[in-house]
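# Survey of secondary and tertiary structure
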Amino acid sequence: MYFSRPQEVIGVATVSAVLDEFNRRPAAEAETELLACCAVPDWARAVAAGRPYPDVAAVVAVADAALRRLHWSEVARALAAHPRIGERPTGTGRESAWSRREQSALDGADRDTRAALARANQEYEQRFGYLFLVFADGRTDGELLAAARRRLGNDPGTEREVVRDELRQIALLRLSRLLS
């Protein structure tokens, strides 16, 4: 279910009707909504358990702290829910819609750029053993390709930390969209 109510102004404080609805949902429903932001059940449970939240900033702070505590196995699980950069998801759910929106810079990419990105994805997966994840929102096709090539030079420990941060940025963007 999508949250889509406008904000209501109460005195000098702005309270989001979407956040109010999120706060009132049964835990299982809130967790399901959160899993579209980051496919880690323990993370979704931790964020849902913090309700009610006074404002979106409070939700984001709790979500951010929980993301920073993820074990690598949880990060790997979340990676499995993301499409390869340049391979647009065909699903109809919220996650697929967000991925299409986040990767929209690739809509106008030429054949050479797409082929180079596919090769970079393949090299990355062979080198590191998992999907190349990058915060794509607002970045050009050239920037995404350059990021893939640059990160191929990382050692495995450094790259895991980069992936953690990319996942964190994506999840927090999606959480903000969920609650707006």
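Notes on the structure in this doc start here. As the structure is a computational prediction, the values presented were derived from the model and not from experiment.

About the criteria used
Residues numbered from 1 in each chain as written. Predicted model: local features only at pLDDT ≥ 70, side-chain atom pairs only at ≥ 80, totals over all residues. Heavy atoms only, no water. Helix = DSSP H or I, 4+ residues; strand = E, 2+ residues; numbered from the N terminus. Polar contact = N/O pair within 3.5 Å; in protein donor to acceptor, adjacent residues only side chain to side chain. Axes fitted to C-alpha atoms, helices over the stretch in contact; angles between N-to-C directions. Parallel < 35°, antiparallel > 145°, perpendicular 65-115°, else oblique. Left-handed = near helix turned anticlockwise from the far one by under 90°. Contact = heavy atoms within 4.5 Å. Buried < 20%, exposed > 50% of the residue type's maximum accessible area, 1.4 Å probe, protein only. Core = buried A, V, L, I, M, F, W, Y, C linked by side-chain atoms within 4.5 Å. Phe/Tyr/Trp six-rings, centres within 6.5 Å; stacked < 30°, edge-to-face > 60°. Lys NZ or Arg CZ within 6 Å of the ring centre and 35° of its normal. Arc of directions from axis to C-beta. Salt bridge = Lys/Arg side-chain N within 4 Å of Asp/Glu carboxyl O.

Right, let's get into the environment of S180. With respect to the element layout, S180 can be found in the segment after α9 (156-178). Between the alpha carbons of S180 and L19 there is a distance of 7.9 Å; along the sequence they are 161 residues apart. Here R177 takes part through its backbone oxygen, which lies 3.2 Å from a polar atom of the side chain of S180.

The subject of this paragraph is the packing of helix α4 (residues 56-68) against α9. The geometry of a pair of packed helices is captured by two quantities: the angle between their axes and the separation between those axes. Contact geometry of α4 with α9 gives a least axis separation of 10 Å together with a crossing angle of 155 degrees. Here α9 runs roughly antiparallel to α4, going by the angle between their axes. Seen along the crossing, α4 lies across α9 with a hand that is right-handed. Taking contact as the criterion, the partners of V59, V60, A63, D64, L67 and R68 in α4 are, on α9, R168, A171, L172, L175 and S176.

Mapped onto the elements of the fold, A118 is located in helix α7 (residues 111-128). Judged by its relative accessible area of 44%, A118 falls in the partly exposed class. On a C-alpha basis, the gap between A118 and R84 in space is 8.7 Å, while along the polypeptide they are 34 residues apart.

Moving on to the side chain of N154. Position of N154 relative to the elements: it lies in the loop between α8 (141-151) and α9. A distance of 2.6 Å separates polar atoms of two side chains, one belonging to N154 and the other to E159.

Formed by 47 residues in total, the largest nonpolar core has its most connected members in L34, C38, W43 and L175. Mapped onto this core, the elements with two or more residues apiece are α1 (17-24), α2 (27-35), α3 (41-49), α4, α5 (72-79), α7, α8 and α9. Counting residues per element, this core draws most heavily on α9, at eight residues. The contact partners of L34, leaving out residues within four places of it in the chain, are F22, W43, A44, V47, A48, L175 and L178.

According to the stated counting rule, one finds five aromatic pairs in the structure shown. An angle of 75 degrees between the planes, with centres 5.8 Å apart, marks the rings of Y124 and Y130 as edge-to-face. Assigned by exposure class, Y124 and Y130 land together as buried. Over the ring of F22 we find R51, and its NZ or CZ is 5.7 Å from the ring centre.

Turning our eyes to something else, we now look at α8. What sets the pattern is the α-helix's 3.6 residues per turn: residues three or four places apart point alike. Within α8 the residues assigned to the buried category are L144, L145, A147, A148 and R151. Each buried residue of α8 lies within a common arc of 155 degrees when the element is viewed along its axis, so the set occupies one face. Exposed positions of α8 whose direction lies more than 90 degrees from the buried face are R149 and R150. Those residues of α8 hidden inside the fold are in contact with α7 and α9.

Take the packing of α5 against α9 next. For the pair α5 and α9, interaxial distance at closest approach is 11 Å and the crossing angle is 60 degrees. When the interaxial angle is binned, α5 and α9 end up oblique. Where α5 crosses over α9, the handedness of that crossing is left-handed. Contacts between α5 and α9 pair W72, V75, A78 and L79 from the former with R160, V163, R164 and L167 from the latter.

A separate point is the pattern of salt bridges. With the rule as written, the count across this model stands at eleven salt bridges. Put simply, D20 and R24 hold a salt bridge, and the shortest N to O gap is 2.4 Å. Of the two residues, D20 and R24 both sit in helix α1, four residues apart, roughly one turn of that helix. When its relative accessible area of 33% is taken as the criterion, D20 is described as partly exposed. For R24, a relative accessible area of 52% gives the class exposed.

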